[in-house]
Amino acid sequence: MAMRSLSDIRSRAGVLTAFAVLVWIFPAGVDSAIGAPSAGTVLSAQKTTEGLNGMVGALGDFDFFGADVAFIGDIDGVGPSVGAIAVGARGNDEAPGNDQGAVWILFLDAGGAVIDEQQINAVNGGLTGPLDTDDFFGSGIAGLGDPDSDGLLSIAVGASGDDDNYGSGGNHGAVYILELNTDGTVATERKISAADPTLTGPLTSTGGFGEGLAFLGDQDGDGIGDIAVGASKDDDGGVGAGADRGAVWIISLAADGSVLADQKISDVTGGLTASLADGDGFGSSVTALGDLNGDGFGDIAVGAVGDNDGGGTGNQGAVHVLFLNSAGTVVGEQKISASAGGFAGTLDVNDFFGAGVAAVGDLDGDLINDLAVGARGDDDGAAETGAVWVLFLDTDGTVLAHQKISLLDGNMPAGEPKSASGFGAGVGAFGDFDGDGIFDLLVGADFDNTAGAGTGALHRLNLDGVPIVCGDSLIGFGEDCDDGNISSGDCCDDGCVFETVGSSCSDGDVCNGGELCDGAGTCDGGTPLDCDDSEICTADTCDPVGGCTNGPAAGCLVAAKASFQISDKADDSKDKLKWKWVKGDAFAQFDLGDPTATTSYRLCIFDQVAGVAQFAGKLEIAAPNGAWLDKAPRGWLYKDKSRAIDGVDKIKLKPGDSGKTQAQLSAKGAILGAVLPGPVGAQYFFQDTDVVVQLVNDPEGQCWETTLAVATKNLDDRYKAKAP
């Protein structure tokens, strides 16, 4: 095939990943990042291509391996690898044509070395396709997780030159949704293209749909992850065919990979207010930024490699930060270029800034996601060597500071990247692969010639920055949660990731039982602890730490003077009880209710044992009762010489202002022995500290209380005390 100028090829970017064989470690340099003196500089670097880092698969000339990369996850489960990546090689050739494209699935060990691999192309890996000449399969890649929850992970792969609907011009582009077996071969596939009836589209001829890909998570709240798809050669708003202003599609996926809804963002639709120019190539790369502005919806960054901000003949490039709503339309935006967004770096003609974009976590420690941007045509050190800019963002999408990584800057190893290698063609975050608390950066150099002309390579860069610390009570980028500890069982596990829905947990409240995680960090209370002791006198409550308490009611009126006494005689007919409550808090006649019709009264006695007030006994007068005399407005008087109910012969209730109220009760006779506590030996009550006596009425809920801390007599047959 013919040689291609590096400046003629715009990148396909998307997500992430990487590898290792050559490892260079350097002291941290100095940059302009805030929050960390050398955030964004390279601490160590690893490079993977044919013959390096364990990769044995053959790459052909101009395969452009590394144009896009994505982390998939641990697709082989308990197998020897700890994770796998998908790497695009959009120029891969299979007879009888050229540039059908390919994707490599690379299985990595804990050190990032390739220990197994699987190529997926027109003839390998189980793809039925078919792939045709110039389909450029692998131009965009995104990991999708397990959308149908069957245990097999899926990826999205762009084929920006696909010719479905060829009758309207061809090269509309396509995206394949591939579910992978544990060995990296294709288990199932579904194609989204101009011929897919679930895509409302329409896709435009030569639009390059699938050039950039990003997994957005559940943007629309339907429980299934969504994707963003770049189409950098879309002509919306331009003058005629070939305007190449570009577009991005926000696509809501079903579990089977079909399209539930789609929203196009371009110069004329989707809420974008920025004016795109012909040749901007908006959509050449795309990445999810998380919820940058804190409005509850995910945001994205979109590369526009042909943007001309900065003057000259153009192609300095730009990135658009788009704030989205749940429908995928733009509600706010910020352009970053040579003359916009607070970016102070120097961009030259044909730098193609925006060739790759990737969110790289919070490198500077300000709890705001930062952004890596590839500039594959940058000339630092040699023509078209390429560079990556690490941009430290504010929540409005503007740039607070930056760090450049190139042959001359950012502590790259000597001689890397190579001349004319297109370093920055694809950029992706690999997560914290090396466990240092900082996201690793993956950079494709798809023109690298280490293994042959234009075969391509990938670099993994271990960056300096402020580590994400699980357990510091701050939710760093990449953490689902951080509750200030590294304990599991509280719905935020020891890696600061939400524990799965239905996981057992403890919310620290003994009043709950059978608590389960909701999958979003909350431990939902299970079955409440039943504290009902079936005793009408007790207020049955539950303390989150101490558990059930069954003690006196709270909030009762108190008296200036009160007394209480019980006598348990040998002759039961002479048993006595007397309670007197005088000069107490104010109450009114209506607080007493109507004992002749609806209001019942009970005298409840509590003895404190081992520091806990425990129910000891009660006397009850149920309504209606003919022994009551209405003394309104001076209250109620109960008199019963027969003492038929619990031995009670008198109750006096007198309302009034504070200090003028009274409540009294007296009882006599053998019946007291059946309803009150009996002698306990050396003393009538244990009385560690208090004996509490309450008169309570129902249903009004008013109560009068005496607390007796010191007894004047507490013998085995009598108790007597006064308060205060």
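Keep in mind that this is a model prediction, so the values were computed, not measured.

## Examining the overall build of the chain
In terms of regular secondary structure, the chain is built from 1 helix and 43 strands. Its C-alpha atoms give the chain a radius of gyration of 39 Å, more than 25% over the compact-globule value 27 Å for 724 residues. Taking the principal axes of its C-alpha atoms as reference, the chain extends roughly 120 × 50 × 50 Å. Out of the 724 residues in the chain, the part that is buried amounts to 55%. Accessible area of the chain: about 26,600 Å², with a carbon and sulfur share of 52%.

## A few points about the sheet that holds strand β9 (residues 174–180)
One open sheet accounts for 4 strands, arranged β7-β8-β9-β10; its pairing is antiparallel. The open sheet is flanked by β7 (137–145) and β10 (186–193), the only strands paired with a single partner. Sheet twist, expressed as the mean angle between neighbouring strand axes with direction ignored, is 20°.

## Comments concerning the pattern of salt bridges
Summed over all chains, the structure comprises 19 salt bridges. Between Asp-380 and Lys-404 there is a salt bridge whose closest N-O contact spans 3.0 Å. Residue Asp-380 is found in the loop between β20 (371–375) and β21 (387–393), and its partner Lys-404 is found in strand β22 (residues 399–405); the two are separated by 24 residues along the sequence. An identical accessibility class is assigned to Asp-380 and Lys-404; each is buried.

## Topic: the pairing of β21
With respect to burial, β21 is a largely interior element, 7 of its 7 residues being buried. Of the two faces of β21, the one lined by Ala-387, Trp-389, Leu-391 and Leu-393 and the one lined by Val-388, Val-390 and Phe-392 are each fully buried. In terms of strand pairing, β21 meets β22 through 6 bridges, oriented antiparallel. The partner of Phe-392 across the bridge, within β22, is Ala-401. The turn linking β21 back onto β22 is made up of 5 residues, and Gly-397 within it adopts a positive phi angle of 90°.

## Some words on the sheet that holds strand β18 (residues 330–336)
Spatial ordering of the open sheet is given by β15-β16-β17-β18, a layout of 4 strands whose pairing is antiparallel. Each edge of the sheet is formed by a strand with only one pairing partner; in this case those strands are β15 (282–290) and β18. Direction aside, neighbouring strands of the sheet carry axes that sit 25° apart on average. For β15 and strand β16 (residues 299–304), the ladder comprises 6 bridges, and the chain directions are antiparallel. Following the sheet pairing, Ser-285 is matched in β16 by Gly-303.

## Observations concerning the state of the cysteines
In total, this model carries 8 disulfides according to the counting rule given. A sulfur-sulfur distance of 2.1 Å marks the disulfide that ties Cys-481 to Cys-492. A torsion of 100° about the S-S bond marks the disulfide between Cys-481 and Cys-492 as right-handed. On the criterion of sequence distance, the pair formed by Cys-481 in the loop between β25 (457–463) and β26 (512–513) and Cys-492 in the loop between β25 and β26 is long-range, its members being 11 residues apart. Across the pair, Cys-492 and Cys-481 agree in class, each one buried.

## Examining the packing of aromatic side chains
Counted according to the given criterion, the structure contains 15 aromatic pairs. Look at Phe-137 and Tyr-176: their rings are 5.5 Å apart centre to centre, the planes differ by 85°, and that puts the pair in the edge-to-face class. One end of the pair, Phe-137, is in strand β7; the other, Tyr-176, is in strand β9, and 39 residues separate them in sequence. Judged by its relative accessible area of 0%, Phe-137 is buried. Among the aromatic residues, ring-to-ring pairing joins Phe-564, Tyr-684, Phe-685 and Tyr-719 into one connected group.

## Describing the side chain of Ser-81
With respect to the helices and strands, Ser-81 occurs in the loop between β3 (65–73) and β4 (83–89). Judged by its relative accessible area of 3%, Ser-81 falls in the buried class. A distance of 2.8 Å separates the side chain of Ser-81 from the side chain of Asp-76, its partner in a polar contact. Discounting residues that sit within four places of it in the chain, Ser-81 has contacts with Asp-74, Asp-76, Phe-107, Leu-108 and Ile-115.

## What to know about the environment of Gly-502
Along the chain, Gly-502 falls in the loop between β25 and β26. Overall, the relative accessible area of 39% leaves Gly-502 in the partly exposed class. As for Gly-502 and Ala-586, which are separated by 84 residues in sequence, their C-alpha atoms are 53 Å apart.

## Regarding the confidence of the model for the chain
When pLDDT is averaged across the chain, the result is 89; 94% of the residues are at 70 or more. Here strand β1 (residues 24–25) stands out as the element of the chain with the lowest mean pLDDT, 32, in contrast to strand β17 (residues 318–324), whose mean of 98 is the highest. Scored below 50 in pLDDT, residues 1–34 shows 173 contacts in the model against residues more than four places distant or in partner chains.

## Let's talk about the environment of Ala-632
Its place among the elements puts Ala-632 in the loop between β36 (628–630) and β37 (636–639). Owing to a relative accessible area of 48%, Ala-632 belongs among the partly exposed residues under this scheme. Put simply, Ala-632 and Ala-241 are 391 residues apart on the chain and 97 Å apart in space, counted from C-alpha to C-alpha.

## With respect to the environment of Gly-73
Among the secondary structure elements, Gly-73 is positioned in strand β3. Put simply, Gly-73 and Val-239 are 166 residues apart on the chain and 43 Å apart in space, counted from C-alpha to C-alpha. Excluding its chain neighbours within four sequence positions, the residues that come into contact with Gly-73 are Gly-83, Ala-84 and Leu-153.

## Topic: the side chain of Asp-309
Locating Asp-309 in the fold gives a position in the loop between β16 and β17. At a separation of 2.6 Å, a polar atom in the side chain of Asp-309 contacts the side chain of Ser-337. Contacts of Asp-309, omitting those with residues within four sequence positions, involve Gln-316, Lys-335, Ser-337, Ala-338, Ser-339 and Ala-340.

## Overview of the nonpolar core
In terms of nonpolar packing, the biggest core is built from 35 residues, with Phe-564, Leu-577, Trp-579, Leu-619 and Leu-665 touching the most fellow members. For Leu-665, the contacting residues outside a window of four places in its chain are Leu-577, Lys-578, Trp-579, Leu-603, Leu-619, Val-648, Lys-650, Ile-651 and Leu-695. Formed by 23 residues, the second largest nonpolar core is a distinct cluster that contains Ala-45, Val-360, Leu-441 and Leu-461.

## What to know about the pairing of strand β34 (residues 600–609)
Summarising burial for β34: 8 of the 10 residues are buried, a large majority. As paired strands, β34 and strand β40 (residues 691–698) are joined by 8 bridges and run antiparallel to one another. Residue pairing across strands places Phe-606 opposite Val-692, the latter belonging to β40. By the bridge criterion, 9 bridges tie β34 to strand β35 (residues 612–621) in an arrangement that is antiparallel. Bridging from a neighbouring strand, Val-609 pairs with Val-612 of β35. Turn length for the β34-β35 hairpin, with the two strands adjacent in sequence and antiparallel, is 2 residues, and the turn residue Ala-610 shows positive phi of about 55°.

Criteria and thresholds
Residues numbered from 1 in each chain as written. Predicted model: local features only at pLDDT ≥ 70, side-chain atom pairs only at ≥ 80, totals over all residues. Heavy atoms only, no water. Helix = DSSP H or I, 4+ residues; strand = E, 2+ residues; numbered from the N terminus. Rg over C-alpha atoms; globule rule 2.2 N^0.38 Å. Buried < 20%, exposed > 50% of the residue type's maximum accessible area, 1.4 Å probe, protein only. Areas by Shrake-Rupley, 256 points an atom, 1.4 Å probe, with all protein chains shown as cover. Pairing = 2+ DSSP bridges. Axes fitted to C-alpha atoms, helices over the stretch in contact; angles between N-to-C directions. Salt bridge = Lys/Arg side-chain N within 4 Å of Asp/Glu carboxyl O. Disulfide = S-S within 2.5 Å. Phe/Tyr/Trp six-rings, centres within 6.5 Å; stacked < 30°, edge-to-face > 60°. Polar contact = N/O pair within 3.5 Å; in protein donor to acceptor, adjacent residues only side chain to side chain. Contact = heavy atoms within 4.5 Å. pLDDT = per-residue confidence, 0-100. Core = buried A, V, L, I, M, F, W, Y, C linked by side-chain atoms within 4.5 Å.

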